[in-house]
Amino acid sequence: MKRKILLNPGPTTTSISVKKALMSEDICHREKDFVKVIEKLRKDLVKIVHGHLDEDVCILFSGSGTINMDVTLNSLLEKDKKILVINNGAYSTRAVEICQYYGLPYYELKLPFDEKIDVNKVKEFLSKHDNISLVYTTHHETGSGVLNDVKAIGEVVHKHDAQFVIDATSSFALVPLNIQEDNIDFLFASAQKGIAAMPGLSFIIGKRKLIEKSIDYPLRSYYTNLYRQYYSFEYANKEMHFTPPTQLIYAASQGVKEYFLEGEENKIKRIKRMHELVLESLKELGFKLYLKEEHLGPLVISVLYPNDANWNFMKIHDYLYDHGFTLFPRPVGDVKAFRIGLLGAIDESDIKAFFTLLKKALITYNIKVPVSY
Ligand SMILES: *Cc1c(COP(=O)(O)O)cnc(C)c1O
């Protein structure tokens, strides 16, 4: 099998050992042996965000990352209360759509998509609106690369006695997160991003106490109700309510094992080295970034399309793809930019090889190097 370098921001390049973990013995998910695997995985995922197992709990769902958005929004809203979605990107926009589909009462605080959330704007909004019991935002906006300061936002949210939910799908296990200290009540992610395993398994980590409280909230979904799944894990049979994706759970467990083998600190350093190399190499080729440096997170770098009559992103994409490197084939929203994501089991040598190839692609298609705007 050829190793493919995925620089699209998820799913990511996985290690051979994660791929091999899929080839596990057939097993019935209700067997003790499998229950042990699930229990370990849930605990380890809590440990990644430095949670305390008596206070913080991990609930798994089968589905892509969006299932977590659906679960948290529909399950954690008290009767007669409202959600506030702080929206500075494509993924929080999706959360607004989920509120609309469920007919949930919500406010949207729409902020610029190319900047970090301004905490003062959140403060101001919360002081002018009451009845908000749930505040939701995205930690790392994968569409742009903006990394929001969730700790500062959470502090404001808690001053207003609301619960704080963050979408950490593309930041979990990639930037340090501490559910005990960062003013977060619920965060969620899925296996195909930070732990570099396969799509199809998602998880929510949150405060036990608050999930217990949600038993009295209105029921809005059958399959994606948080309390119901929590009950199944914690009280009924230590298992998912319905059939879990067994093979994906083996692969995710291997991804988590490799996360701890590398260690949080080393992983952050690896990402930082790749990030710096990307910025340096882009500069050499003349590329400009979509975000100003002060808003740029470490994980996804959005690069503006150059102004060259010969520029055709899909041709560059196809050239790179044919040589084993994948960029996400579409821009997000209406910004003419492509993204370089540093989420997977890749390192600096892959980034070097990518830029050698990108330069070749530019020359092949007669695009002036360095590129111009
Ligand atoms: C990937 C991602 C999701 C989930 O998307 P799916 O296509 O459902 O996997 C949600 N939020 C963010 C921030 C993401 O990066």
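Remember, it's a predicted structure, so these values are computed and weren't measured experimentally.

Criteria and thresholds
- Residues numbered from 1 in each chain as written.
- Predicted model: local features only at pLDDT ≥ 70, side-chain atom pairs only at ≥ 80, totals over all residues.
- Heavy atoms only, no water.
- Axes fitted to C-alpha atoms, helices over the stretch in contact; angles between N-to-C directions.
- Helix = DSSP H or I, 4+ residues; strand = E, 2+ residues; numbered from the N terminus.
- Parallel < 35°, antiparallel > 145°, perpendicular 65-115°, else oblique.
- Left-handed = near helix turned anticlockwise from the far one by under 90°.
- Contact = heavy atoms within 4.5 Å.
- Nonpolar A, V, L, I, M, F, W, Y, C, P; charged D, E, K, R; others polar.
- Buried < 20%, exposed > 50% of the residue type's maximum accessible area, 1.4 Å probe, protein only.
- Lys, Arg positive; Asp, Glu negative; His and termini not counted.
- Salt bridge = Lys/Arg side-chain N within 4 Å of Asp/Glu carboxyl O.
- Polar contact = N/O pair within 3.5 Å; in protein donor to acceptor, adjacent residues only side chain to side chain.
- Near = heavy atom within 4 Å.
- Areas by Shrake-Rupley, 256 points an atom, 1.4 Å probe, with all protein chains shown as cover.
- Domains from an automatic or database assignment.
- Buried area = accessible area lost by both parts, 1.4 Å probe.
- Pairing = 2+ DSSP bridges.
- Core = buried A, V, L, I, M, F, W, Y, C linked by side-chain atoms within 4.5 Å.
- Patch = residues over 30% accessible without salt bridge, like charges linked within 9 Å, V, L, I, M, F, W, Y side chains within 5 Å.
- Charge placed at Lys NZ, Arg CZ, Asp CG, Glu CD.
- Arc of directions from axis to C-beta.
- Phe/Tyr/Trp six-rings, centres within 6.5 Å; stacked < 30°, edge-to-face > 60°.

(A) The arrangement of the packing of helix H2 (residues 32–48) against helix H9 (residues 246–262) in detail. At a closest axis distance of 10 Å, the pairing of H2 and H9 adopts a crossing angle of 40°. Relative to H9, the element H2 is oriented oblique. Of the two possible hands of crossing, H2 and H9 adopt the one that is left-handed. For the pair formed by H2 and H9, the contact residues are Phe-34, Val-37, Ile-38, Leu-41, Asp-44, Leu-45, Lys-47 and Ile-48 on the first element and Thr-246, Ile-249, Tyr-250, Ala-252, Ser-253, Val-256, Tyr-259 and Phe-260 on the second. Residues that form the contact of H2 with H9 fall into these classes: twelve nonpolar, two polar and two charged.

(B) Main features of the side chain of Asp-167. Structurally, Asp-167 can be placed in strand S8 (residues 163–167). Within the buried core, Asp-167 has no salt-bridge partner, and the shortest N-O distance to an opposite charge, that of Arg-94, equals 7.0 Å. For Asp-167, the side chain forms a polar contact with the side chain of Thr-169, separated by 2.4 Å.

(C) Region of interest: the site of the ligand. Around the ligand sit 13 residues in total, of which Ser-64, Thr-66, Thr-142, Asp-167 and Lys-193 are the nearest. Between an oxygen atom of the ligand and a main-chain N or O atom of Gly-65, the distance comes to 3.1 Å. Take Arg-94: an N or O atom from its side chain is 3.4 Å from an oxygen atom of the ligand. The fraction of the free accessible surface of the ligand (380 Å²) that becomes covered by protein chains is 87%. Per-class residue counts for the shell around the ligand are one nonpolar, nine polar and three charged.

(D) Just the domain arrangement of the protein, in detail. Per the domain assignment, the segments of the protein are domain 1 (5–9 + 263–364) and domain 2 (17–260). Between domain 1 and domain 2, the C-alpha centre-to-centre distance is 28 Å. Where domain 1 abuts domain 2, roughly 1800 Å² becomes buried across the two surfaces, and 60% of that area is made up of carbon and sulfur atoms. The interface formed by domain 1 and domain 2 contains zero salt bridges. Counting residues per element, the ones that place at least two in the side of domain 1 that touches domain 2 are helix H10 (264–285) and strand S11 (300–304). Element by element, the count of residues in the side of domain 1 that touches domain 2 is highest for H10, at four residues. Of the residues in the side of domain 1 that touches domain 2, the class split is 13 nonpolar, four polar and four charged.

(E) View of the pairing of S11. Taken across its five residues, S11 has four buried, putting it largely inside the fold. When S11 meets strand S13 (residues 337–341), the two strands line up antiparallel, connected through five bridges. Bridge assignment links Ser-302 to a residue of S13, and that residue is Arg-339.

(F) Local environment of the nonpolar core. Among the nonpolar cores identified, the biggest contains 79 residues, and Leu-45, Leu-60, Phe-172, Leu-187 and Ile-205 are the most heavily contacted of them. By residue number, the principal contributor to this core is H9, which donates seven residues. If near-sequence neighbours (up to four positions away) are discounted, Leu-60 is found in contact with Ile-38, Leu-41, Arg-42, Leu-45, Leu-201, Ser-202, Phe-203, Gln-229, Phe-233, Met-240 and Ile-249. Listed in part, the 41 residues of the second largest apolar core include Leu-147, Leu-296, Phe-338 and Leu-362.

(G) Local environment of a negative patch on the surface. Among the surface-exposed residues, Asp-114, Glu-115, Glu-293 and Glu-294 lie close enough to one another that they form a single negatively charged patch. As for its placement among the helices and strands, Glu-294 is situated in the loop between H10 and S11.

(H) Structural view of the sheet that holds strand S3 (residues 82–87). Taking strand neighbours across the sheet as the criterion, the seven strands line up as S2-S10-S9-S8-S5-S3-S4 in an open arrangement whose pairing is mixed. For this open sheet the edge positions go to strand S2 (56–62) and strand S4 (106–110), each flanked by a neighbour on one side alone. With direction set aside, neighbouring strand axes in the sheet form an average angle of 20°. Taken together, the five bridges between strand S9 (residues 186–190) and strand S10 (residues 201–207) define a ladder with antiparallel strand orientation. When the sheet's bridge partners are listed, Ser-190 is paired in S10 with Ser-202. Here H2 sits on the sheet and contacts S2 and S10; the angle it forms with S2, its principal contact strand, is near 120°.

(I) Structural context of helix H6 (residues 150–159). Among all positions in H6, only Val-150, Ile-153, Gly-154, Val-156 and Val-157 are buried. Mapping the buried residues of H6 onto a view down its axis gives an arc of 160°, with all of them on the same face. Where H6 is buried, its residues touch S3, helix H5 (119–128), strand S5 (132–138) and S8.

(J) Layout of the environment of Leu-147. Mapped onto the fold, Leu-147 is located in strand S7 (residues 146–147). Sequence-wise, Leu-147 and Phe-354 are 207 residues apart; in three dimensions their C-alpha atoms are separated by 24 Å.

(K) Expanded view of the packing of aromatic side chains. In total, this model carries 21 aromatic pairs according to the counting rule given. Summarising the aromatic geometry, the rings of Tyr-259 and Phe-260 are spaced 5.3 Å apart at their centres and angled 80° between planes, so their arrangement reads as edge-to-face. Here Tyr-305 and Trp-311 contribute two aromatic rings whose centre-to-centre distance is 5.5 Å and whose plane-to-plane angle is 50°, an arrangement assigned as tilted. Of the residues examined, Trp-311 reaches a relative accessible area of 13% and is grouped as buried.

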